[in-house]
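Each chain, letter by letter, is given below.
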Amino acid sequence: MNGRERRQHRRVDVDFWASLTHPRLGVVTGAIQDMSNGGISMVIDGEVKLFVMMELDVRIHGEGWDETMPSLPVQVIRIQQKEIGLRFLDVSEDFCFIPPEDEVNYDDFNTALQ
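Nothing here was measured: the structure is a model prediction, and the numbers come from that model.

Colleague: Tell me what's going on with the nonpolar core, and back it up with residues and numbers.
Modeller: With 23 residues, the main nonpolar core has Leu20, Ile32, Met35, Ile40, Met42, Val58 and Leu86 as its most contacted residues. For this core, the secondary-structure elements that each account for two or more residues are strand E2 (17–22), strand E3 (26–35), strand E4 (39–44), strand E5 (55–61), strand E6 (72–80) and strand E7 (83–88). Each residue touching leucine 86, except ones within four places of it in the same chain, is listed here: Leu20, Gly38, Gly39, Ile40, Met42, Val74, Gln75, Val76 and Ile77.

Below is the structure:
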C-alpha cells in the first residue's frame, strides 16, 4: 500500500453522534469520529450486519449541530470491525460542513494549503 493520500476533503474531528436508518435494520447509532464535506467515519454501537455499498439515511446529533437539518443519504464505503466509513450521496453543492470556530486548528489548515 502506498502512502499517497486519496481523500478529496479535509477530515475534522467532531463530538457528534449519528443515527443511521435502514428499512430492514431499523435504527443503528454510533459515535462520529470525524467528518468532512464528503462523508463521516463512525464507530457503531452493538453488532450490526452492514456491507459495503449499502445505502442508509444518517441523522447527525450533538451540541452545535443544527437539529433541524434533514437526514442525509449515505453509502457504506469501508467497514473495519465496528468502525465504518460513510460517503454522502446526492448532497447539494450548497452543503458545506464548517466546524465550530473553537474546533478549527488553523495551523493544520494553513500547512495543508502550502
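Having seen the structure, we can now continue with the description.
Colleague: I'd like a rundown of unusual backbone geometry, residues and numbers included.
Modeller: Note on backbone geometry: most residues besides glycine have negative phi, and most peptide bonds are trans. The residue methionine 53 is not glycine, and still its phi comes out positive at about 85°. Relative to the elements of secondary structure, methionine 53 occurs in the loop between E4 and E5. Of note in this structure, glutamine 81 is not a glycine but carries a positive phi near 55°. The topology assignment puts glutamine 81 in the loop between E6 and E7.

Colleague: I'd love a proper account of the packing of aromatic side chains, names of residues and values included.
Modeller: Counting across every chain of the model gives one aromatic pair. Aromatic pair phenylalanine 16 and tryptophan 65: ring centres 5.4 Å apart, planes at 70°, arrangement edge-to-face. Within this pair, whereas phenylalanine 16 is found in the loop between strand E1 (12–13) and E2, its partner tryptophan 65 is found in the loop between E5 and E6, the two being separated by 49 residues in sequence. Phenylalanine 16 sits in the buried class, given a relative accessible area of 6%.

Colleague: Report on the pattern of salt bridges, specifying residues and quantitative values.
Modeller: For the coordinates displayed, the defined rule picks out two salt bridges. Note that lysine 82 is salt-bridged to glutamate 47, the shortest N-O span being 3.9 Å. Residue lysine 82 is located in the loop between E6 and E7, and its partner glutamate 47 is located in the loop between E4 and E5; the two are separated by 35 residues in the primary sequence. Of the charged contacts in the structure, one is a salt bridge between arginine 78 and glutamate 83, with a shortest N-O distance of 3.0 Å. Assessed through its relative accessible area of 25%, arginine 78 is described here as partly exposed.

Calculation criteria
- Residues numbered from 1 in each chain as written.
- Predicted model: local features only at pLDDT ≥ 70, side-chain atom pairs only at ≥ 80, totals over all residues.
- Heavy atoms only, no water.
- Core = buried A, V, L, I, M, F, W, Y, C linked by side-chain atoms within 4.5 Å.
- Buried < 20%, exposed > 50% of the residue type's maximum accessible area, 1.4 Å probe, protein only.
- Helix = DSSP H or I, 4+ residues; strand = E, 2+ residues; numbered from the N terminus.
- Contact = heavy atoms within 4.5 Å.
- Phe/Tyr/Trp six-rings, centres within 6.5 Å; stacked < 30°, edge-to-face > 60°.
- Salt bridge = Lys/Arg side-chain N within 4 Å of Asp/Glu carboxyl O.

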